[in-house]
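# Remarks on the overall topology
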Amino acid sequence: SKKLGRNTYSLFTPDMGEGVSRRLLLEEQMRGGLGRDEFSLNYQPKIDLRNNRVTGVEALVRWENEELGKVSPDEFISVAEHSGLIVELGQFVIFEALRSMKAWADSGFEISVAINLSPRQFHDLNLIPFIKNTIQTFKVDPTLIELEITEGVLMSGHRFITDALQSLNEMGIKLAMDDFGTGFSSLSYLRKYSFDTLKIDRSFIADLMEDEEDRALVDAIISMAHSLGLDVVAEGVETIDQVDYLTLQGCEYAQGFLKGRPMTFNALTKSLEGERRL
Ligand code: C2E
Ligand code: CA
Ligand code: CA
Ligand code: CA
């Protein structure tokens with residue numbers, strides 16, 4: 001570590017240094033990258049298992065930095081959350097997603113668009129006005145917008161979160177509980193807030209055909225969701241056997257590499273056009 005002079009101590013010890021400096025580098029590059037158009041959105045199709053058609057997409061942010069190359073969202077989203085950059089990045093995601101939605105609607109594709117929201121974004125007083133304004137800018141149908149949140153958002157129980165969810169609800173925006181099953185108190189949240197959709201985390205889907213316990217859990221989650229009036233999306237669906245099983249259990253939607261990887265706006269538009277010709 002650097003010598004900072006007499007009686008001056010470096011903030012970082014050598015063993016925490018590497019992780020910290022990587023995060024600092026990411027933060028610095030993200031700050032610049034937001035102004036350099038380094039971020040973009042991919043869209044992953046969500047399939048209605050009842051008719052095998054694309055009914056919606058999930059917007060997933062991508063980052064390709066001039067120095068670092070492609071960085072995984074699992075890495076940079078966490079840095080963005082801790083640094084507060086997620087607010088600006090999140091606004092970019094909302095804006096871009098609604099812009100795409102508008103383009104699809106203009107081409108006659110009435111598909112829903114799911115957008116991930118981090119807990120930190122709810123601390124931004126401008127979140128709801130920003131969403132409202134962007135809906136007005138693009139004149140998109142708010143009932144086709146779905147916001148995906150994890151229970152981390154709800155854990156604090158802050159009044160402003162309840163209020164924000166209520167406002168979104170009044171605007172007609174749909175709410176999905178993401179990564180369901182990975183926390184421990186999601187059940188009570190499903191009762192307390194007005195969710196429309198439950199997304200079963202892909203860790204439950206991965207070994208579905210091999211693991212009897214996973215099947216029992218998935219069955220239970222689906223029937224519980226249905227008794228609460230929620231639609232179910234299975235994440236990380238990679239095989240036909242999984243599709244068949246989930247369809248039989250009454251799961252409404254599947255998302256995963258089998259039916260479509262996250263892809264660019266152009267690639268997704270092409271695949272919608274291909275489907276229309278069927
Ligand atoms: P997530 O919300 O659970 O998104 C689904 C992730 O699963 C995506 O990873 C997607 O590429 C991956 N996936 C989809 N189908 C399959 C499959 O069949 N098999 C496997 N193994 N994986 C599959 P991705 O794009 O790397 O995103 C990772 C996480 O980063 C997301 O998890 C989400 O938590 C976060 N994220 C991505 N975009 C955004 C964003 O715009 N805003 C926020 N706040 N978070 C985002
Ligand atoms: Ca998600
Ligand atoms: Ca998820
Ligand atoms: Ca996840």
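What counts as what
Residues numbered from 1 in each chain as written. Chains lettered and ligands numbered in written order. Predicted model: local features only at pLDDT ≥ 70, side-chain atom pairs only at ≥ 80, totals over all residues. Heavy atoms only, no water. Helix = DSSP H or I, 4+ residues; strand = E, 2+ residues; numbered from the N terminus. Rg over C-alpha atoms; globule rule 2.2 N^0.38 Å. Buried < 20%, exposed > 50% of the residue type's maximum accessible area, 1.4 Å probe, protein only. Contact = heavy atoms within 4.5 Å. Areas by Shrake-Rupley, 256 points an atom, 1.4 Å probe, with all protein chains shown as cover. Near = heavy atom within 4 Å. Polar contact = N/O pair within 3.5 Å; in protein donor to acceptor, adjacent residues only side chain to side chain. 1 Å grid on protein atoms, 1.4 Å probe; cavity = no way out; pocket = protein on both sides within 12 Å on 5 of 7 lines; lining within 4 Å. Sits in = over half its atoms within 2 Å of the grid points. Expected span 1.5 Å × (residues − 1). Arc of directions from axis to C-beta. Donors = N, O, S within 2.8 Å, 3.2 Å for Na, K, Ca; no water. Points joined across faces, edges and corners; volume = space filled by probe spheres on them. Nonpolar A, V, L, I, M, F, W, Y, C, P; charged D, E, K, R; others polar. Pairing = 2+ DSSP bridges. Axes fitted to C-alpha atoms, helices over the stretch in contact; angles between N-to-C directions. Parallel < 35°, antiparallel > 145°, perpendicular 65-115°, else oblique. Left-handed = near helix turned anticlockwise from the far one by under 90°.

As recorded by an unreviewed UniProt entry, the protein carries the name GGDEF domain-containing protein and is attributed to Leucothrix arctica.

Looking now at the overall build of the protein. Helix and strand counts for the protein stand at 11 helices and 9 strands. The C-alpha radius of gyration computed for the protein amounts to 20 Å, which stays within 12% of the reference 19 Å derived for 278 residues, consistent with globular compactness. Overall, the C-alpha framework of the protein stretches about 70 × 45 × 40 Å when taken along its three principal axes. Scored against the burial criterion, the 278 residues of the protein give a buried share of 46%. For the protein, long-range pairs separated by at least 24 residues make up 66% of all intrachain contacts whose partners lie at least 6 apart in sequence. Entry remark: accessible area of the protein is about 14700 Å², with carbon and sulfur atoms responsible for 50%.

So, on to the site of ligand 1. Around ligand 1 lies a shell of 21 residues, among which Gln 44, Arg 62, Ser 118, Glu 238 and Phe 257 are the nearest. At 3.3 Å, a side-chain N or O of Arg 202 approaches an oxygen atom of ligand 1. Considered on its own, ligand 1 offers 800 Å² of accessible surface; in the complex 84% of this is hidden by protein. When atoms are counted within 2 Å of each cavity's grid points, the one that captures over half of ligand 1 is the largest pocket. Going through the elements one at a time, strand 2 (53-65), helix 2 (73-83) and strand 6 (174-180) are the ones with two or more residues in the shell around ligand 1. A total of 4 residues in the shell around ligand 1 trace back to one element, the largest contributor, which is strand 2.

Turning next to helix 11 (residues 265-276). Taking 1.5 Å per residue as the helical rise, helix 11 with its 12 residues ought to reach 16 Å, and the 17 Å between its terminal C-alpha atoms agrees with that figure. Along helix 11, the positions that sit buried rather than exposed are Leu 268, Thr 269, Leu 272 and Glu 275. One side of helix 11 holds all its buried residues, which, seen down the axis, span an arc of 120°. Exposed side chains of helix 11 directed beyond 90 degrees from the buried face belong to Asn 266 and Lys 270. Against strand 1 (39-48), strand 2 and helix 3 (86-106) lie the buried residues of helix 11.

Looking at the calcium ion (ligand 4), one finds its protein donor set to be Asp 179 (OD) and Asp 179 (OD), positioned 3.1 to 3.2 Å from the metal centre. The distance between the calcium ion (ligand 4) and the calcium ion (ligand 3) is 4.0 Å, with Asp 179 acting as a donor to both metals.

Bringing the layout of surface pockets into the picture now. The computed volume of the largest pocket comes to approximately 1100 Å³. Lining the largest pocket we find 37 residues, and of these Glu 58, Leu 60, Asp 74, Asn 116 and Asp 178 sit closest to its centre. Split by residue class, the lining of the largest pocket holds 13 nonpolar, 12 polar and 12 charged. Of the volumes computed, that of the second largest pocket is approximately 210 Å³. Lining the second largest pocket, in full, are Lys 46, Thr 55, Ser 112, Thr 143, Leu 144, Ile 145, Glu 146, Lys 174, Asp 196, Thr 197, Asp 231 and Tyr 253. Here the residues of the lining of the second largest pocket are counted per class, giving 3 nonpolar, 4 polar and 5 charged.

Another aspect to go through is the pairing of strand 7 (residues 197-200). Look at any regular strand and the pattern is simple: side chains alternate between the two faces of the sheet. The alternating pattern of strand 7 places Thr 197 and Lys 199 on one face and Leu 198 and Ile 200 on the opposite face, and all of these are buried. Judged from the 4 bridges that link them, strand 7 and strand 8 (residues 231-234) form a sheet pairing that is parallel. When the sheet's bridge partners are listed, Lys 199 is paired in strand 8 with Val 233.

Where helix 3 contacts helix 4 (residues 127-138), the two axes come as close as 10 Å, and the packing angle between them is 25°. When the interaxial angle is binned, helix 3 and helix 4 end up roughly parallel. Between helix 3 and helix 4 lies a crossing whose hand is right-handed. Across the interface between the two elements, Gln 91, Ile 94, Phe 95, Leu 98, Arg 99 and Lys 102 from helix 3 touch Leu 127, Phe 130, Ile 131, Thr 134, Ile 135 and Phe 138 from helix 4. Class assignment of the residues belonging to the contact of helix 3 with helix 4 gives a composition of 8 nonpolar, 2 polar and 2 charged.

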